[in-house]
Amino acid sequence: SEQCDYPPAAAAQPCMGTSLNPDVDAIIESGATLVLTASMLESDAIQRLDAHGIAVLCLTAGEELEAVRANYVALATAMGGANQGPSNGERAYVMLQERLQAVTNAVQSEEPVKACYLADLYTAAPSQSMIGELMEAAGAVNTANGETWVEDPAAGAQAQVIFCDSSMVDSILTASAYADSDAVLTGRVIGIVSAQWQRQGLGLARTAAEMAAALHP
């Protein structure tokens with residue numbers, strides 16, 4: 001789609017529109033048999049695709065790691081059929097879990113580090129979130145106290161390490177709310193590539209490994 005920018009090679013592929021405005025003719029002409037989308041297409045688009053034998057599978061982003069498992073199984077089933085698909089999806093999820101566990105094992109003897117992930121200048125990720133779980137796998141103690149994504153400047157102020165999207169680093173380093181935080185004073189505001197974990201593939205494990213390296217240099 002027009003929004004697919006990761007991995008970079010995706011930009012070289014023919015564009016098929018977006019979930020809100022799919023180019024149905026281009027999809028049909030491409031010879032595709034399956035359309036993956038993060039939000040459901042309009043019913044008329046689904047009907048046109050179905051008339052050409054093209055299935056549509058909507059996979060919304062998982063809020064937590066366990067939700068990724070269901071997406072893997074659903075995708076593998078759509079691609080590999082009901083016999084082999086579910087087991088293939090489960091294997092993919094086990095592979096992810098093994099890589100995350102390897103990250104945790106590598107830092108288990110280290111002292112926990114207080115950290116948070118800021119989605120913007122003040123909104124911190126709760127522990128019960130995808131990025132919150134990755135931080136904890138990397139050996140962090142999340143300073144965000146909320147159960148949902150809420151504005152929580154105290155999370156950044158108390159953190160020894162602040163994680164954020166790479167585009168946010170300078171803004172956080174110069175924000176008055178964090179001027180006295182250990183993270184800013186020691187220069188440990190760490191930018192990570194959001195697309196790597198938001199796409200919810202094995203990039204989740206790579207993100208956890210990068211966080212672990214930043215927490216325990």
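Above this text is the structure in question.
Quantities reported herein were computed from a predicted structural model and do not represent experimental measurements. (Residues numbered from 1 in each chain as written. Predicted model: local features only at pLDDT ≥ 70, side-chain atom pairs only at ≥ 80, totals over all residues. Heavy atoms only, no water.)

*Asks:* Explanation requested: the pairing of strand β1 (residues 34-37) in the structure shown.
*Replies:* Each regular strand displays side chains that alternate between the two surfaces of the sheet. By the alternation rule, side chains of β1 split into Val35 and Thr37, which are all buried, and Leu34 and Leu36, of which none is buried. Two strands pair when backbone bridges link them, and β1 and strand β2 (residues 55-58) are joined in this way by 4 bridges, in the parallel orientation. Bridge assignment links Leu36 to a residue of β2, and that residue is Leu57. In this region the chain leaves β1, passes through helix α2 (residues 43-51) and returns to the parallel neighbour β2; the handedness of that crossover is right-handed. (Buried < 20%, exposed > 50% of the residue type's maximum accessible area, 1.4 Å probe, protein only. Helix = DSSP H or I, 4+ residues; strand = E, 2+ residues; numbered from the N terminus. Pairing = 2+ DSSP bridges. Right-handed = clockwise from strand over helix to strand, strands pointing away.)

*Asks:* Please clarify how the nonpolar core should be interpreted in this entry.
*Replies:* As a rule of thumb, soluble globular proteins bury nonpolar side chains together. Ranked by size, the top nonpolar core spans 29 residues in total, and within it Leu96 and Phe163 carry the most contacts. Contributions of two or more residues to this core are made by α3 (65-107), β3 (113-118), α4 (130-137), β7 (161-165) and α9 (203-215). When residues of this core are assigned to their parent elements, the largest contribution, 8 residues, is made by α3. Aside from chain neighbours lying at most four places away, what touches Leu96 is Leu65, Val68, Tyr72, Gly201, Leu202, Leu204 and Ala205. If you look at the next biggest cluster of nonpolar residues, it comprises 16 residues, including Leu118, Ile162, Cys164 and Val184. (Core = buried A, V, L, I, M, F, W, Y, C linked by side-chain atoms within 4.5 Å. Contact = heavy atoms within 4.5 Å.)

*Asks:* Please explain unusual backbone geometry as it appears in this structure.
*Replies:* Among all residues save glycine, negative phi is the norm, and among peptide bonds the norm is trans. With phi around 65°, Gln200 is a residue other than glycine that occupies positive phi space. With respect to the secondary-structure elements, Gln200 resides in the loop between α8 (194-198) and α9. For Gln200, a relative accessible area of 9% gives the class buried.

*Asks:* Can you help me understand the side chain of Ser19 in this one?
*Replies:* Within the secondary structure, Ser19 is located in the segment before α1 (24-30). In this structure the side chain of Ser19 is engaged in a polar contact, spanning 2.6 Å, whose partner is the side chain of Thr37. Setting aside its immediate chain neighbours within four residues, Ser19 contacts Thr37, Ala38, Ser39 and Leu41. (Polar contact = N/O pair within 3.5 Å; in protein donor to acceptor, adjacent residues only side chain to side chain.)

*Asks:* Even after reading the chapter, I still don't get the environment of Asp182, so can you show me in this structure?
*Replies:* Relative to the assigned elements, Asp182 resides in helix α7 (residues 182-185). Taking the relative accessible area as the measure of exposure, Asp182 reaches 43% and is therefore partly exposed. Spatially, the C-alpha atom of Asp182 lies 9.1 Å from that of Gly156, the residues being 26 residues apart in sequence. Excluding residues that lie within four positions of it along the chain, Asp182 makes contacts with Ala159 and Gln160.

*Asks:* Looking at this model, I keep getting lost on the layout of surface pockets. Mind explaining?
*Replies:* Sizing a probe to match a water molecule and rolling it over the atoms shows the empty space that remains. The space that makes up the largest pocket amounts to roughly 1,700 Å³. Looking at the largest pocket, it is lined by 45 residues, and the ones nearest its centre are Ser1, Cys4, Leu36, Thr37 and Ala38. For the lining of the largest pocket, the elements supplying multiple residues, two or more each, are α1, β1, α3, α8 and α9. With 9 residues, α3 is the largest single contributor of residues to the lining of the largest pocket. Here the lining of the largest pocket is composed, by residue class, of 24 nonpolar, 18 polar and 3 charged. (1 Å grid on protein atoms, 1.4 Å probe; cavity = no way out; pocket = protein on both sides within 12 Å on 5 of 7 lines; lining within 4 Å. Points joined across faces, edges and corners; volume = space filled by probe spheres on them. Nonpolar A, V, L, I, M, F, W, Y, C, P; charged D, E, K, R; others polar.)

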